[in-house]
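# Examining the three-dimensional arrangement
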Amino acid sequence: MTLIPKSHPRFQSLLIREKLVKGFDDGLVAKEGLLAHGRGEAFDYILGEKTLKTAKIAIKAAAASILLAKNPVISVNGNVAALCPKEIVRLSKVSKAKIEVNLFYANEKRKQKIVKILKKNGAKEIFGVLKKNATRLIGIDSSRRIVDKNGIFASDLVIVPLEDGDRTLALRRAKKQVITFDLNPLSRTAQTANISIIDNVVRGIVELITECARLSTKKSSELEKIIKNFDNKKNLTHNVIEIKSNLSRRAKNA
Ligand code: PTJ
């Protein structure tokens, strides 16, 4: 039960924060994950805590790309497991994407807890767990280099929410398409991914599930057209302009 009154003007944001703290207490989230969340929260504040038009455009292109991919994988870390385990499983079902646990701050005990919460929310098969299937992604030194040979290693598209720039670059070099959720449009990940959804993963993933379901009945040619018309660099520029005008409007009203 939350101690935050529903009437609190920052109820939603504080509720998300509480989920992260609970995730930490339950052993899902790394200490550093709490700090990463704080950074995201600050960006969400200046974004206006809503899914902006540019995020919706990126979500549509992301859904089309995932549906066209042969072997898509959702990479799950501690923060995402604490914030939206049910939605990860729903996204995996609607898009036929595999789920792989991949941690920056590698910790076997935490990995097992993440697997457990995903299974509790309906996940059947989870990659990145069996030592015999572990292999190395070239061009990256962090623990994220250890991937599943039947999961991320074999994939053609990876969804990496709350990611670090190094792996995004390594995945691109390995000729994989990368889709990220990142609240910071200037992060290396956002700048390096094929499709960057600048939104809180808590909101954006729900929209992505809806969009995958909606587009799943469309022809491949229609999905290809959506992707062809999407330009990540341009969309990121427009996103910064959206943030700028949002801030100017709020400054005028202050
Ligand atoms: O569980 P682990 O060990 O894999 O570690 C996960 C973290 C998140 C700690 C690790 O990947 C990390 O240190 O990430 P960074 O480099 O701090 O990057 C996280 C990015 O996600 C930053 O650009 C944040 O602004 C952004 N972010 C934080 N919270 C959210 C977010 N983006 C979308 N939704 C959020 N809720």
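I will try to describe carefully the structure that is included in this document. (Residues numbered from 1 in each chain as written. Predicted model: local features only at pLDDT ≥ 70, side-chain atom pairs only at ≥ 80, totals over all residues. Heavy atoms only, no water.)

Let us now look at the environment of Ala134. Of note, Ala134 is situated in strand 3 (residues 134–136). Exposure remark for Ala134: the relative accessible area of 43% places this residue in the partly exposed category. Separated by 12 residues in the primary sequence, Ala134 and Ile146 have C-alpha atoms spaced 6.2 Å apart. If near-sequence neighbours (up to four positions away) are discounted, Ala134 is found in contact with Ile146 and Val147. (Helix = DSSP H or I, 4+ residues; strand = E, 2+ residues; numbered from the N terminus. Buried < 20%, exposed > 50% of the residue type's maximum accessible area, 1.4 Å probe, protein only. Contact = heavy atoms within 4.5 Å.)

Attention shifts here to the nonpolar core. In a soluble, globular protein the nonpolar side chains are often hidden away together inside. Counting residues in hydrophobic clusters, the biggest one holds 47 residues, and the most contacted among them are Leu118 and Leu208. It is helix 3 (residues 53–68) that contributes the most residues to this core, eight residues altogether. Those residues in contact with Leu118 that lie beyond four places of it in its chain are Val76, Pro85, Ile88, Val89, Ile99, Val101, Ala123 and Ile126. (Core = buried A, V, L, I, M, F, W, Y, C linked by side-chain atoms within 4.5 Å.)

Moving on to the pairing of strand 5 (residues 157–161). A regular strand places its side chains so that they alternate between the two faces of the sheet. Most of strand 5 is tucked away, with five of its five residues classed as buried. Here strand 5 shows a buried face lined by Leu157, Ile159 and Pro161 and a second buried face lined by Val158 and Val160. With three bridges connecting them, strand 1 (residues 72–76) and strand 5 associate as parallel partners. Following the sheet pairing, Pro72 is matched in strand 5 by Leu157. Sheet topology note: the strand 5/strand 6 (residues 177–181) ladder contains five bridges and is parallel. Its bridge partner lying in strand 6, Val160 is registered against Thr180. A crossover connection joins strand 5 to the parallel strand 6 through helix 7 (residues 165–173); in handedness this β-α-β unit is right-handed. (Pairing = 2+ DSSP bridges. Right-handed = clockwise from strand over helix to strand, strands pointing away.)

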